[in-house]
Amino acid sequence: MFDLVLQALQTLFTPEHFVYLLLGVLLGLVIGIFPGLGGIAGLSLLLPFLYGMDEVSALATLIGLVAVIPTSATFTSVLMGIPGSSSSQATVLDGFALAKKGQASRALGAAFSSSLVGGLFGAIILTFFVQIARPFILIFGSAELFMLAIFGLSMVGSLSGKSLVKGVVACGFGILVGSIGSAPATGEFRMIFGIDYLYDGLPLVVIALSIFAFPEISELFRKESAIAGESKLGKGGMLTGVKDLIKNKWLALRCSGIGTIVGAIPGMGGSVVDWIAYGHVVQTSKDKSQFGKGDIRGVIAPESANNAKEGGALMPTLLFGIPGSGSMAVFLGGMVLIGIEAGPSMVTKDIDLTYTIIWSLAIANVLGAGLSLFLAGPISKLTQIKFSLLAPFMIMVISFAAFQATKDMMDLWMLLVFGLIGIFMKRFGWSRPAFLIGFVLATQAESYLNMSVQFYGWEMFLRPGVIIIIILSLISVYYSRKGTVDENAELMEKERNQKLTLTPQLIFAAAVLLFILIAIVDSNQQSFLGGVFTLTVAYAILPFALWLVWTFARKKNSDPAVFDAEQAVEEGTFKAPWYEPILWIGGLYILSVLIGFIPAIMVFFIAFFTIKANTSLVKTAVLTAAGVGLLFLFGYFLNLEFPQGLLL
Amino acid sequence: MKNDNLKQIIILSVLFLGVFFLFSFLQKEESDSISEITNPNSKHYFQDKTIEWIIPFKEGGGGDTWARFNAPFFQKHIPGNPAIVVNNIPGGGSIKGANLFAERVKPNGLMILGTSGTTQMPYLLDDPRVRYDYSKYKPIMAYPTGGVAYVSPDIISEELRNLKVNSVEEQIEKSVRIIQELIDNKVQLKYGSQGPTSLDIVTMFSFDLLKLDVQAVFGFRGRGAGRLAFERGEVKIDYQTSSAYLKNSIPLVESGDAIPLFSFGALDDNGQLIRDESFANSPVGVFNGEIVRVNVPHFGEVYERLGHQLSGIEWDTWFAFMSAGFGGMKLLLTPKETPDEIVAEFHKGIGAMKEDPEYQKNKFKALGEYKQVIGKPADKIFDLATNVGTEEKAFMKSWLIEKYDLNLK
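Note that this is a predicted model, so its numbers are computed, not measured.

### Observations concerning the interface of chain B and chain A
- Between chain B and chain A, the contact holds 53 residues from the first and 64 residues from the second.
- Contact with chain A buries area across many residues of chain B, yet Phe16, Arg68 and Glu234 of chain B alone supply 12% of it, more than any other trio.
- Along the contact surface separating chain B from chain A lie three salt bridges.
- Residue arginine 134 of chain A pairs with glutamate 231 of chain B through a salt bridge whose shortest N-O separation is 2.5 Å.
- Contributing elements (two or more residues each) for the side of chain B that touches chain A: helix 1 (3-32), helix 2 (62-77), strand 2 (83-88), helix 3 (95-104), strand 7 (213-217), helix 8 (223-232), helix 9 (242-254) and helix 13 (357-367) of chain B.

### Quick notes on empty space enclosed by the protein
Residue and element names in this part refer to chain A.
- A full pass over the atoms with the stated rule returns three cavities of 30 Å³ or more.
- Empty space within the largest cavity amounts to approximately 230 Å³.
- Lining the largest cavity we find 23 residues, and of these Gly161, Gly429, Asp486, Glu487 and Asn488 sit closest to its centre.
- Those elements giving two or more residues to the lining of the largest cavity turn out to be helix 20 (409-427) and helix 21 (432-456).
- Its residues placed into classes, the lining of the largest cavity shows 10 nonpolar, seven polar and six charged.

### Some remarks on the pairing of strand 6 (residues 188-192) of chain B
Residue and element names in this part refer to chain B.
- Bridge analysis of strand 6 against strand 7 gives five bridges, and the strand direction is parallel. Paired with lysine 190 across the bridge in strand 7 is glutamine 215.
- Handedness of the strand 6-helix 7 (residues 200-209)-strand 7 crossover: right-handed.

### Section: unusual backbone geometry
- Its identity is not glycine, yet glutamate 224 of chain A carries a phi of approximately 55 degrees, on the positive side.
- In this fold, glutamate 224 of chain A is placed in the loop between helix 12 (204-223) and helix 13 (237-247).
- For asparagine 281 of chain B, which is not glycine, the phi dihedral falls at a positive 60 degrees.
- Summarising the element assignment, asparagine 281 of chain B is placed in the loop between strand 11 (273-274) and strand 12 (282-287).

### Looking at the domain arrangement of chain A
Residue and element names in this part refer to chain A.
- Split into domains, chain A comes out as domain 1 (2-227 + 237-568) and domain 2 (580-638).
- Taking only C-alpha atoms into account, the centre of domain 1 sits 30 Å from that of domain 2.
- Taken together, the 29 residues of domain 1 in the interface contact 28 residues of domain 2.
- Interface of domain 1 and domain 2: buried area, both sides summed, is about 2,500 Å²; carbon and sulfur atoms make up 88% of it.
- Three residues stand out in domain 1 for area buried against domain 2, namely Phe221, Phe393 and Met396, and they jointly supply 24% of the buried area on that side.
- Inspection of the region where domain 1 meets domain 2 yields one salt bridge.
- Here lysine 612 makes a salt bridge to glutamate 224, at a shortest N to O gap of 3.5 Å.
- Remark: the boundary between domain 1 and domain 2 carries one residue pair in polar contact (both at pLDDT 80 or more).
- Put simply, the parts of the chain that give the side of domain 1 that touches domain 2 at least two residues each are helix 2 (15-33), helix 3 (39-50), helix 12, helix 19 (387-406) and helix 20.
- When the residues that make up the side of domain 1 that touches domain 2 are grouped by side-chain class, the tally is 22 nonpolar, four polar and three charged.

Calculation notes
Residues numbered from 1 in each chain as written. Chains lettered and ligands numbered in written order. Predicted model: local features only at pLDDT ≥ 70, side-chain atom pairs only at ≥ 80, totals over all residues. Heavy atoms only, no water. Contact = heavy atoms within 4.5 Å. Buried area = accessible area lost by both parts, 1.4 Å probe. Salt bridge = Lys/Arg side-chain N within 4 Å of Asp/Glu carboxyl O. Helix = DSSP H or I, 4+ residues; strand = E, 2+ residues; numbered from the N terminus. 1 Å grid on protein atoms, 1.4 Å probe; cavity = no way out; pocket = protein on both sides within 12 Å on 5 of 7 lines; lining within 4 Å. Points joined across faces, edges and corners; volume = space filled by probe spheres on them. Nonpolar A, V, L, I, M, F, W, Y, C, P; charged D, E, K, R; others polar. Pairing = 2+ DSSP bridges. Right-handed = clockwise from strand over helix to strand, strands pointing away. Domains from an automatic or database assignment. Polar contact = N/O pair within 3.5 Å; in protein donor to acceptor, adjacent residues only side chain to side chain.

This is the structure we're talking about:
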């Protein structure tokens, strides 16, 4: 075996192959920086060049591209609070909090070195286990996958904040939103309200952007300061981050293990791996007080897991021809095009190709992390730019990213609607991670439950795998009650001495309650299999939601569920009313519908810089041209579409 | 708002928008002119143009791979070397992208649609979400495929499992005996399906015609997930389209973990059902360590041997939907009004593509044994795939209601 392993390395290090690997890595880094663009966009750019390449070079390019996307996606997650890819959502929690404290480069340093550890770990596991992984992968039947979804949901306890009730309702709310669209068991359409767009459910990208990025952008918008506020960027921050990793090396290795295993299970999807790792670090840490407020461990855990995931995901991809993640689907498509067939032969007659892939993965991770570390220092200066100059770019980026989800104007409207919900969740201290975990796992939990009930009936609970995962879930629930992530603890302390008006909270809770009732009515109209899951979840959270409404209605100020950041912060923190960002962004979208996105973004940039940043004519023109130019550049090279206008 | 601000906004907006719309207007002018094609002295019609190839499926899937395999050859061989852009618009099991095509397309060859069996099914079943109409399109190219259904040896008696076959005839006999045994023993089978309006209809209908007691479990994401459930032993019966079968199910047959029952067959030039040559000499079983290779019998052979007629409404319905799902697995479409000269440019490109050694080298792995056809054979496939008689349609619809409580209104 080792002959082959080394031989593969040797082939890869010949100059012509190495250049291709580097090309893939560079492309992956550039594309990964832009949220919403992933391996897919990269592949379409690469494809014309794949023809005529030899197998090794083509594989190296493809793997180089796929491997480093989670690495560079970290930039926006940390610096702007915009989840750069579906597996770096959890990084936002502490990464962005650190950036706001002026420690962006420390967070990036830790993130990239964790990515490196995770990526290498995944490659090593792959090397040793690829030949014997087949039975392991086959252990995970639908019953086990259902229990894994439940295990994922058990993380909610650690992320729900002071009020568990609100956390549970937020999670259930997420599940209900996630079950919009066609029912996995029957294909019936649920809660689509006659909107075609909702047939396939809401896209994860749109929801992640609106729940995490949108509220942050709108808050910065209203504060009118730089992201890092007044804080100075610490010197040598990046090295501090690397040292942080060394201090927490065992954590990084544990999370790499989690990432590899979750990645290797086909059907789990990459979008929960970061949350499981994040939940793990919270549960196993003694001092939990800083999580959500800028704890470096909250960056190390998800970042080591999401790079390790790719190594794990390669196992089902290579062995069964079944993609273990979204980017693996693209990789698999790429392999077909260069005439390589994934399947059992990858560990027998094509084992040399498998080792080439593994080495490419390892080297790509080293190159990707190295280059990103190199860039981290200069790029983190972005956090010091006055926000009124940065805001239009960020709004452009999230709109553009959301539109890549389904290329429908509805992507943008949904971004706005759920952005509004995100703003209120943040303001009233409803756990956004709990909502997102519920959303991500909704379809998975439901379809695997349906399958396992039909395949195994009650016997599913006798399966050893299921029992093990149930025990893990119970342990996770037990630890989660020993302390939870609470980003609002300090504000809440202050709030105790104030007299709050509870009406805004009451209205929001009532709106959530209304949605739960709609879900109940809607589920009752479906067939039994089509409605039972949604109905159960809705009934389960109904008493909690009622209790919340009741608590707010009778003005019980001392309850831990009561929280309103808007009223707790110091006077003068916000320089604009809460709805102003929504008016700007909504205005941009209305204009896009009328004249098309690109012209609308021009007008938006010009108006925003002139009014909010008071820039001169020339500066406004230059900034606008830069923004639109960037959009054109990406649009041209990646053949991207933008919303077209009705009028022109 | 200060006056100066307003002035600045207006000046800059007029400037930027003016430049933008001027450019897009000029570009549009150019792409809208079809006249050049009829002028023999002009440059090639597709020169400096971009062809948008709409694929109503996700990146990485079968439909996507098909388009992406062809795109560079189109670019290289269509006279004038147009840029080919594959645009994935997934959603609603391919309905969304096809609807969008219907809404936007002009008969100028600059936007083409690649559909699949999955796109044909909801159209044939009058799904109310469908806003595309095949009768308004014509095929540029067609590409058929097939599939094989197979069962797990666990559910078959040992004697039958080890029954050695030496010819297709004997394989037909074996399939028939397996089916008979399953019926006699009242074995309930489960099948992992993507949903009742997907291409799986054809498979589930086939099982039903054979009187097999198969319960479909929905919610599987793709046939790959179904195969994995088979390998895990959760389902005992499965089917894969040709390329997936050859790649990933054949190893199961070789290791004795799967026994092929029937293929969906192929259509000859006259539209008759024949054995699928993709499976000529493919393994059908392993006996005392010896792998036996014969062709896999097609559904009709097995069905007939079980004592059914290859006529009547049940058979006609099966044949119609098999042709739509597998015979016309992939269709490349343009509106009917597209001038023949433009379609001819495509055909020139496709003709040259087939001569390209690079294409010949890779086509087997990407497309399998099947040929991408143009002209008359393509028209024939298109016709079979998109024109299903009203009786057959009605029969399928009532079957879906009866069996899966699926009402598409």
